[in-house]
Amino acid sequence: MGNIAKISRTFMKAVKSEDFGKLVYSTGGNKGTFLDAFKEFNSQPFRIKKLAKEIKKTAVSLQDAVKPVLKPICDDYGVFGSRVKDIKKITGKLPRAINEMTLEDAVDWILKGKITNVVGDSYGTRIIVDDLKNVPKLLEKLRDLHKNKKIRIALVENYRGNGVNPYINGNNMRLLSEVEPSGSVVLNKIKNAGYTRTNMDLYLNDTRFEFQIGGNYTTRFGEIEHYLYDMRSNGVPDLSQLSKSQKDLFYKIKQQYVSIGNKKDKLYREYLTKIWKTLKIAEEKNKPFPQLPKIPDGISDILSAENLFKLEKKCKKL
């Protein structure tokens with residue numbers, strides 16, 4: 001513990017050095033950069049527990065500051081929503097987030113106290129767009145907020161399933177990539193399980209938070225499909241708002257999903273992509289909730305779209 005404390009103090013002094021990233025520490029034969037030491041110190045269980053509480057507290061205060069800025073422009077085109085991650089979720093994400101920290105992240109944390117940026121989605125916001133034709137108008141409002149330094153657009157990830165139209169087309173992506181005074185990083189990504197959504201990293205007063213753009217049907221499915229995502233990524237699904245019958249169904253789905261072999265896994269991911277595509281097309285055409293694709297032969301019916309939708313927290317009739 002003494003070595004770690006000494007490293008941490010030296011780290012604080014060295015952080016402004018031009019060669020900071022190259023500095024090396026030694027602890028009884030173990031060598032590494034000061035960034036390695038910083039990660040090692042903050043990855044200890046007692047630190048993870050403390051950091052999770054600090055991040056949650058900061059995210060709550062961020063919620064109060066962000067809402068007056070984003071909600072008014074979202075209200076013109078859809079429904080604004082936001083949430084603060086619970087302690088359990090933050091704690092689960094911290095080890096990986098700390099391990100993936102860059103030198104810039106560490107300096108930002110130490111000098112500016114931006115601990116929330118370690119788990120950037122600890123505070124998340126979104127808009128469920130009423131009419132997808134209004135997405136360009138929403139983006140123009142976001143660009144204006146950026147230009148007026150109300151927020152900063154740092155990263156735009158235009159996710160979509162294979163063959164699914166993204167929420168932001170090429171022209172509007174260029175609009176966001178040319179924002180001033182500092183350009184944002186704009187990425188187009190195809191997700192092999194069909195996830196279709198635009199995710200943004202925004203900053204308010206140098207503190208990062210998440211903003212998502214989606215439609216009504218895909219938002220509903222995204223909340224459900226997140227259970228499968230947690231299974232794929234060894235996450236901890238939050239079942240606290242599910243009824244007993246829904247929890248029973250969840251465990252049946254989990255049993256089948258985790259036992260899918262590679263060949264069937266590819267087939268099932270293609271099926272999930274078809275669901276996303278069906279829902280997205282219905283949103284684009286302003287149609288009622290569509291008939292969902294039939295599950296492929298060889299995949300258990302327990303994994304059907306109809307059963308997945310039964311896991312909605314406020315289950316609706318399809």
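Use the structure listed above.
So, here is what we can say about the structure in this document.

Cut-off values and rules
Residues numbered from 1 in each chain as written. Predicted model: local features only at pLDDT ≥ 70, side-chain atom pairs only at ≥ 80, totals over all residues. Heavy atoms only, no water. Helix = DSSP H or I, 4+ residues; strand = E, 2+ residues; numbered from the N terminus. Buried < 20%, exposed > 50% of the residue type's maximum accessible area, 1.4 Å probe, protein only. Lys, Arg positive; Asp, Glu negative; His and termini not counted. Salt bridge = Lys/Arg side-chain N within 4 Å of Asp/Glu carboxyl O. Polar contact = N/O pair within 3.5 Å; in protein donor to acceptor, adjacent residues only side chain to side chain. Contact = heavy atoms within 4.5 Å. Phe/Tyr/Trp six-rings, centres within 6.5 Å; stacked < 30°, edge-to-face > 60°. Lys NZ or Arg CZ within 6 Å of the ring centre and 35° of its normal. Core = buried A, V, L, I, M, F, W, Y, C linked by side-chain atoms within 4.5 Å. 1 Å grid on protein atoms, 1.4 Å probe; cavity = no way out; pocket = protein on both sides within 12 Å on 5 of 7 lines; lining within 4 Å. Points joined across faces, edges and corners; volume = space filled by probe spheres on them. Arc of directions from axis to C-beta. Pairing = 2+ DSSP bridges. Axes fitted to C-alpha atoms, helices over the stretch in contact; angles between N-to-C directions.

Of note, R197 is situated in strand β7 (residues 197–204). Within the buried set, R197 has no salt-bridge partner at all; the shortest N-O distance to an opposite charge, 6.3 Å, is to E283. Within polar-contact distance, the side chain of R197 engages the side chain of T218 at 3.3 Å. Not counting the four nearest positions on each side in its chain, R197 is found in contact with E157, N158, Y159, Y167, Q212, I213, G214, G215, T218 and T219.

Turning our eyes to something else, we now look at the packing of aromatic side chains. Tallied over the full model, the rule gives 13 aromatic pairs. A centroid spacing of 5.7 Å and a plane angle of 65° characterise the contact between Y159 and Y195, whose relative ring orientation is edge-to-face. Of the two residues, Y159 is situated in strand β5 (residues 152–161) and Y195 in the loop between β6 (185–191) and β7; the sequence distance between them amounts to 36 residues. Taking relative accessible area as the criterion, Y159 reaches 9% and is therefore assigned buried. Relative to F309, the ring of F221 has its centre 5.6 Å away and its plane inclined at 25°; by these criteria the two rings are stacked. With F221 in helix α8 (residues 216–232) and F309 in helix α11 (residues 305–309), this pair connects stretches of sequence that are 88 residues apart. Of the residues examined, F221 reaches a relative accessible area of 0% and is grouped as buried. Given the relative accessible area of 1%, F309 is considered buried. The rings of Y159, Y195, Y217, F221, W276, F289 and F309 are connected pair by pair, giving a single aromatic cluster. Between K191 and the ring centre of Y159, over which it is positioned, the NZ or CZ distance is 4.7 Å. One cation-aromatic arrangement involves K280 over Y167; the distance from NZ or CZ to the ring centre is 4.6 Å.

Quick look at the pattern of salt bridges now. With the rule as written, the count across this model stands at 17 salt bridges. Residue K141 pairs with D76 through a salt bridge whose shortest N-O separation is 3.5 Å. Of the two residues, K141 is situated in helix α6 (residues 135–147) and D76 in the loop between α3 (45–75) and β3 (78–84); the sequence distance between them amounts to 65 residues. The residue D297 makes a salt bridge to K294 at a minimum N-O spacing of 3.8 Å. Across the pair, K294 and D297 agree in class, each one exposed. Here the salt bridges share partners, and the residues they tie into one network are K85, K93 and D121.

Core analysis: the largest hydrophobic core is formed by 33 residues, its most contacted members being L70, L142, M200 and F211. Elements that contribute at least two residues to this core include exactly α3, β3, β4 (123–129), α6, β5, α7 (170–177), β7 and β8 (207–215). Among the elements that line this core, the one with the most residues is α3, at six residues. With residues up to four places along the chain from it excluded, the contact list for F211 reads L70, C74, T125, R126, I127, L142, T198, N199, M200 and L202. A193, I260, L303 and A305 belong to the second-largest nonpolar core, a separate cluster that totals 31 residues.

A separate point is the layout of surface pockets. Its volume calculated, the second largest pocket comes out at about 180 Å³. Lining the second largest pocket are L132, K133, V135, P136, N165, P166, Y167, N169, N172, K280 and E284.

Moving on to α7. If you check which residues of α7 are buried, you get N172, M173, L175 and L176. Seen from one end, α7 has its buried residues packed into an arc of 155°, which puts them on one side. Each element contacted by the buried residues of α7 is listed here: α6, β5, β6 and β7. Two to three positions downstream of the cap, the backbone nitrogen of N172 sits 3.1 Å from a side-chain oxygen, assigning the N-cap of α7 to N169.

Taken together, six strands build an open sheet; the order of strands is β3-β4-β8-β7-β5-β6 and the sheet is mixed. Each end of this open sheet is capped by a strand with a single partner; those strands are β3 and β6. Looking at each pair of strands side by side, their axes are set apart by 20° on average, direction ignored. Of the strand pairs in this sheet, β4 and β8 are connected by six bridges, and their pairing is parallel. Bridge assignment links T125 to a residue of β8, and that residue is F211. Running over the sheet, α3 touches β3, β4, β7 and β8 and is turned about 175° from β3.

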